[in-house]
Amino acid sequence: MDKESLNLTSSEIGTLWGQYMNGTAVDIINKYMVSIIEDKKIKLLFEEAINTFAKQKQQITMFIENEGFPIPIGFTDSDLNKGTKRLFSDIFCLHYLHIITLHGLLGHSTSLSSSVRKDLRNFYDSCDHDGKKMYHQVTDLLLEKGHFQKDPYFYPETNPVFISGGQFTDGYFGDKRPLAATEMIALSLNLKKKILEKSLSIGFSQVTQDKEVRKFLKNTQKVSDNQIQSLGKILNGDNLPVPMSWESEVTTSQDPPFSDKLMLYHIGFLLQASQNYHGAGLASAMRSDLVVNYEKIILKNLMVTKDWFDIMTKNKWLEQPPLAPNRKEIAKDK
């Protein structure tokens, strides 16, 4: 069947809508960061990220318009306050780009898996290619500057070993077994994302103009810190290092570079995106203390996200995604 004869499905429209909203939010953050970055190599990466999204935004807009849906407002230059004081260091900006690139890779893969039409699949293929290229560049630069936080090393066993007995899953009673390499994947990713979430909450809480938003951000900072401590304690129990925090890379500026709407949305985006990683951690956990930790984190984040939703809707900052037809309303008597 020719691609032009296929209408985009609800899932395809949903992924495009989400890509536009999240992409425009990150784009404004990137534009601010490129304006304050002094390191030439880091600055070049941000310029490339901005140019790459500009092309992707044009294609997303075309897909949505051709289906007759309105283009989301998303975030624009009106959400950026130019000429404000520096809020983040160059190295923080590079760490930010690293984590956001990881989120982008997951988002493109999810969008591709929901796509049927060939032109849309080709588009997400190209997005994935761009994301992988950026990931390699950011990782190489972090390594070059000595700031890439490598995960702990494990020493190899002499021979393969099979699990025997219930003690492998025990995390509270008796002797805990050491963490498995498969469990370290999620632990490491979740910790690094929580550290970014906490650092952004600190920076945003300093510059927000809204008292309710500031209160929420301070609470998010506290929640993130508690979860970092909880997961870090598990690593410490096996004498494994915990990733470094980035709070010291946030300046003491109180000059707001972004709108309150953008800052709150961005924290909400990170909270919702991180639930994917918490779920992956829960699915891979085979030690009972890990399972309980992830369950608590997921539940707490749902509660925080509810508070986020209430503030966003109260201020009319949250755009509504395309909805299914309301058949009851359509069937009402004229």
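Look up a bit, the structure's there.
Asks: Kindly report on the side chain of Ser201, identifying the contributing residues and their values.
Replies: Mapped onto the elements of the fold, Ser201 is located in helix H5 (residues 181-207). Judged by its relative accessible area of 0%, Ser201 falls in the buried class. When near neighbours in sequence (up to four residues on either side) are disregarded, Ser201 contacts Leu217, Thr220, Gln221 and Ile267.

Asks: Talk me through the packing of helix H6 (residues 211-237) against helix H7 (residues 260-284); I want residue IDs and the actual numbers.
Replies: In contact at an axis separation of 11 Å, H6 and H7 are set at 30 degrees when each is read in the N-to-C sense. Looking at the two axes, H6 sits roughly parallel to H7. Judged by the twist between their axes, the crossing of H6 over H7 is left-handed. On H7, the residues touching Val213, Phe216, Leu217 and Thr220 of H6 are Leu264, Ile267 and Leu271. A per-class count over the contact of H6 with H7 returns six nonpolar, one polar and no charged.

Asks: How would you summarise the packing of helix H1 (residues 10-36) against H7 if you had to cite specific residues and measurements?
Replies: Angle between the axes and distance between the axes: these two values describe a pair of packed helices. Contact pair H1 / H7: the axes reach a minimum separation of 10 Å and the direction vectors enclose 120 degrees. When the axes of H1 and H7 are compared, the pair comes out oblique. The crossing of H1 and H7 is left-handed. Of the residues in H7, those in contact with Met21, Asn22, Ala25, Val26, Ile28 and Ile29 of H1 are Leu262, Tyr265, His266 and Phe269. A breakdown of the residues in the contact of H1 with H7 according to their chemical character gives eight nonpolar, two polar and no charged.

What counts as what
Residues numbered from 1 in each chain as written. Predicted model: local features only at pLDDT ≥ 70, side-chain atom pairs only at ≥ 80, totals over all residues. Heavy atoms only, no water. Helix = DSSP H or I, 4+ residues; strand = E, 2+ residues; numbered from the N terminus. Buried < 20%, exposed > 50% of the residue type's maximum accessible area, 1.4 Å probe, protein only. Contact = heavy atoms within 4.5 Å. Axes fitted to C-alpha atoms, helices over the stretch in contact; angles between N-to-C directions. Parallel < 35°, antiparallel > 145°, perpendicular 65-115°, else oblique. Left-handed = near helix turned anticlockwise from the far one by under 90°. Nonpolar A, V, L, I, M, F, W, Y, C, P; charged D, E, K, R; others polar.

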